[in-house]
Amino acid sequence: MEWFWPEGMYTIVMVGVFAIASFVFKQPIAVALTIAAVTGALISGNGVPIDHLVEGSFGYLDTILIIICAMIFMKTLQHVGAMEAVAAWVTRKYRHRPFLLTMSITVFVMFPGMITGSSTAAVITAGAIVAPILLKLSVPPVKTAAAIAMAAIYGMAAPPVNIPAMIIGGGIDMPYVGFGIPLLVCTVPLAIFTGMLLMYPDLKRIAKSGKSENGGLENELKKMAHVPLTPRLLLPIFVLLALLGGERAFPSVSPSFGMPLAFLIAAGSGLLTGKKWNPYLASKEAVRASLPVSGILVGVGMFIQIMTLTGVRGFFVVSAISLPAWALYLGIATSMPVFGAVSAYGSATVLGVPFLLALLGRSEIIVGSALSLIAGLGDLMPPTALAGLFAAQVVGVENYFKVLKACIIPALVTALWGITIILGAQFF
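A few points on the structure. The shown structure was predicted, so the numbers you read here are calculated from the model rather than taken from an experiment.

Criteria and thresholds
Residues numbered from 1 in each chain as written. Predicted model: local features only at pLDDT ≥ 70, side-chain atom pairs only at ≥ 80, totals over all residues. Heavy atoms only, no water. Helix = DSSP H or I, 4+ residues; strand = E, 2+ residues; numbered from the N terminus. Rg over C-alpha atoms; globule rule 2.2 N^0.38 Å. Buried < 20%, exposed > 50% of the residue type's maximum accessible area, 1.4 Å probe, protein only. Contact = heavy atoms within 4.5 Å. Areas by Shrake-Rupley, 256 points an atom, 1.4 Å probe, with all protein chains shown as cover. Polar contact = N/O pair within 3.5 Å; in protein donor to acceptor, adjacent residues only side chain to side chain. Salt bridge = Lys/Arg side-chain N within 4 Å of Asp/Glu carboxyl O. Core = buried A, V, L, I, M, F, W, Y, C linked by side-chain atoms within 4.5 Å. 1 Å grid on protein atoms, 1.4 Å probe; cavity = no way out; pocket = protein on both sides within 12 Å on 5 of 7 lines; lining within 4 Å. Points joined across faces, edges and corners; volume = space filled by probe spheres on them. Nonpolar A, V, L, I, M, F, W, Y, C, P; charged D, E, K, R; others polar.

1. As for the overall build of the chain
Next, step 1: A tally of helices and strands in the chain yields 21 helices and 0 strands.
Next, step 2: The C-alpha radius of gyration of the chain comes to 22 Å, within 12% of the 22 Å expected for a compact globule of 428 residues.
Next, step 3: Once the C-alpha set of the chain is aligned to its principal axes, its extents read approximately 65 × 45 × 45 Å.
Next, step 4: Looking at the chain residue by residue over its 428 residues, the buried ones come to 54%.
Next, step 5: For the chain, restricting intrachain contacts to residue pairs at least 6 apart in sequence, the fraction spanning at least 24 positions comes to 80%.
Next, step 6: A total accessible area of about 17,800 Å² is found for the chain, and carbon and sulfur atoms account for 70% of it.

What follows is the structure, encoded as structure tokens:
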């Protein structure tokens, strides 16, 4: 009968309005979250609490700044030609060594997601670059799309920027510190497994035959390597590593710039690469690309604020704590990816925080890392399926469900690995 308590009804209404606004009326996720937040405030008798809505909208301002500045950094790498030059160099060097080529391509696709915290950014930047290479190396289009989608999701969950983990940690006032190694443990084994499953067999076959069935690989590589790969071209990456790594390796002597400023300084060093490019145009593209994700975080902040105001957040926590252990783990493995069909960030907000509170007593950092990994699977779930749909588009697969079918085994292994890490967190 607990679902007929006021908080239970508020929960049903808020989640229902959110789903109707996003699925039925096709509203952007940020708008749907805002509508659901306002509706929750109204039915709970709080009117339209402007102060709470404004406070909530600024709840993830730090994360939004990181995303925008990270996207400016990625667009800088694109505009100077570093991304394509690296992809061409890696393919030439390892095309006859399929394992190393598989791992290199996987890391290459993950990299933008690691920097921006967005699987979509990984697909539309690195994914779009490697897709023609994989196709010309005779990897089937469906497998290519699945490999890109999964690598993008693992990149989103990998350090240094993991937005779902930031959201989950923010829900219990846990700073985003110390997540690096747990997130690597969560993602690296899965990235290796998925690459070996989806890309390695075809790359190995082509390496043995000494040719690609589709042909035209050399022409594609020459077109991509229009800018020679030199250390000077990679200067922005070196600067970023120095700024972020130096602060962690030498905290007593290295100045603390913060992630947003570090990304901007690294992007500014792109002016010294010797390649002419337009910083204003790159920044404009970056801000435009980051606006949808930033809008979602504004909506997520308002949604959480009203959940707290109306008692819904506490209701979720009490409900999660009252579940038996087997139901709790089953709920984590199934409900987080399914709810993530609307947004992985929304899943981290609505479900990740209560699940983490239900598992207090274990290492919160390890549990939060695993929950963020499982929430990322929502980017495969239709109808939104951000990572999967964009991967299908860059490869040219019209029927997305073929790509989803190819992702089932990696997704199941990902969910099981996440649950395994949560179970092991009690020993830390």
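Once you've had a look at it, read on.
2. Here's the deal with the environment of Thr 102
Next, step 1: Within the secondary structure layout, Thr 102 lies in helix α6 (residues 98–116).
Next, step 2: With a relative accessible area of 0%, Thr 102 lands in the buried category.
Next, step 3: Remark: the alpha-carbon pair of Thr 102 and Ile 366, spanning 264 residues in sequence, is separated by 28 Å.
Next, step 4: Not counting residues within four places of it along the chain, the set of residues in contact with Thr 102 comprises Gly 195, Met 196, Met 199, Tyr 200 and Leu 203.
Next, step 5: A distance of 2.7 Å separates a polar atom in the side chain of Thr 102 from the backbone oxygen of Pro 98.

3. A look at the pattern of salt bridges
Next, step 1: A complete count under the given rule lists 2 salt bridges for this structure.
Next, step 2: The salt bridge partner of Lys 143 is Asp 202, with a shortest N-O separation of 3.6 Å. In this pair, Lys 143 sits in helix α8 (residues 141–157) while Asp 202 sits in helix α11 (residues 200–209), placing the two residues 59 residues apart along the sequence.
Next, step 3: Across the salt bridge formed by Asp 202 and Arg 205, the nearest N and O atoms sit 3.1 Å from each other.

4. Description of the nonpolar core
Next, step 1: Counting residues in hydrophobic clusters, the biggest one holds 140 residues, and the most contacted among them are Ile 167, Phe 263, Ile 332, Leu 371 and Leu 380.
Next, step 2: Not counting chain neighbours up to four residues away, the residues in contact with Ile 167 comprise Tyr 60, Leu 297, Val 300, Ile 304, Tyr 345, Ala 348, Thr 349 and Val 353.
Next, step 3: Listed in part, the 5 residues of the second largest apolar core include Met 71, Ile 72, Ala 121 and Ala 286.

5. Overview of the side chain of Asn 162
Next, step 1: Here Asn 162 shows up in the loop between α8 and α9 (163–171).
Next, step 2: A relative accessible area of 0% means that Asn 162 is categorised as buried.
Next, step 3: At 2.8 Å, the side chain of Asn 162 and the backbone nitrogen of Ala 165 are in polar contact.
Next, step 4: Those residues in contact with Asn 162, other than ones at most four positions away along the chain, are Met 156, Ala 157, Tyr 176, Leu 183 and Ser 372.

6. Structural notes on empty space enclosed by the protein
Next, step 1: In total, this model carries 4 cavities of 30 Å³ or more according to the counting rule given.
Next, step 2: A volume near 60 Å³ is recorded for the largest cavity.
Next, step 3: If you trace the largest cavity, you find it lined by Ile 105, Thr 106, Val 109, Leu 134, Ala 147, Ile 148, Ala 151, Ala 191, Thr 194, Gly 195 and Met 199.
Next, step 4: Listing elements by their share of the lining of the largest cavity, those giving two or more residues are α6, α8 and α10 (180–198).
Next, step 5: Along the lines of polarity and charge, the residues of the lining of the largest cavity split into 8 nonpolar, 3 polar and no charged.

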